[in-house]
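Here is how the chains run, residue by residue.
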Amino acid sequence: MLHRILKWFGGGIVVILMLLVLGVFVPRPLLGRSEAAGEAGSRQFLLLANAIHTDIALPLDDDLRAEFAELADHGFDIGNPHAAYLVVGWGGRAFYIETPTWGELKPLPVLKALTVDRSVLHLDLAGAIADDAPFARRLSITETGYRRLLDHVRASFARKDGRMRVIDGVGYGTTDAFFEANGAFNALLGCNTWTASSLRAAGIRTGWWTPLPQMLGWSLSLLQ
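Residues numbered from 1 in each chain as written. Predicted model: local features only at pLDDT ≥ 70, side-chain atom pairs only at ≥ 80, totals over all residues. Heavy atoms only, no water.

Quick look at the environment of P81
Checked against the element boundaries, P81 lands in the loop between α2 (62-67) and β4 (85-92). Separated by 20 residues in sequence, P81 and D61 have C-alpha atoms that sit 9.6 Å apart. (Helix = DSSP H or I, 4+ residues; strand = E, 2+ residues; numbered from the N terminus.)

Here's the deal with unusual backbone geometry
At D161, a position not held by glycine, the phi torsion is positive, near 55°. Along the chain, D161 falls in the loop between β7 (159-160) and β8 (163-164). In this structure D161 comes out as exposed when scored by relative accessible area, which is 77%. (Buried < 20%, exposed > 50% of the residue type's maximum accessible area, 1.4 Å probe, protein only.)

Details of the confidence of the model for the protein
The share of residues in the protein with pLDDT of 70 or more is 83%, and the mean pLDDT across the chain is 86. Per-element averaging of pLDDT across the protein places helix α1 (residues 2-25) at the bottom with 56 and strand β3 (residues 54-59) at the top with 98. (pLDDT = per-residue confidence, 0-100.)

Topic: the pattern of salt bridges
Opposite charge on two side chains makes pairing possible when the charged atoms of those side chains draw close. Under the definition given, this model contains 8 salt bridges. Through salt bridges with shared partners, a single ionic network connects R43, D61 and E143. (Salt bridge = Lys/Arg side-chain N within 4 Å of Asp/Glu carboxyl O.)

Now the structure itself:
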């Protein structure tokens, strides 16, 4: 019996490893070309990453402030003249809201993240980010790709009667806010797969399945 259990367990580990490898090396979309960096008239933005999570940082200019002007109606200071980036991330409601630091990790949010949870968007303002910052990766896309990226972000907001739905009284600091989002969250289809889908909307090829920041980064390095 023990031999069978070990064999089953070992087989499961092999399958998981194969899925992880394929998730990095198999491109999505499988055919076609990505919108390469450095094209004439290209737009730039940043991919931010830590050990478990990725965000997209969009340069705050007048056009972007106008694009997301309705955020001001919910108390989000999109017009802040000292901000250089609008940082956007998607994730599970319980884990994202209740775990601003590792020291505040709780069992229930972890359980929800490993099963199914409602999703939220987290928006924050950031100042200048150095090109050599270890947590940031600069990406270039065409103007068309940039518009598609913004459309993808806007489509991720859950709305009621056409209005974004801010989660009142919740945030990590004075410059951020959480909003209700579309889609259900779990660890296999989580924040990093949402980020990858955002990049694909912008015309950047990613790995087929990238649930971890490291996998998404590797796929960007290998498939562009």
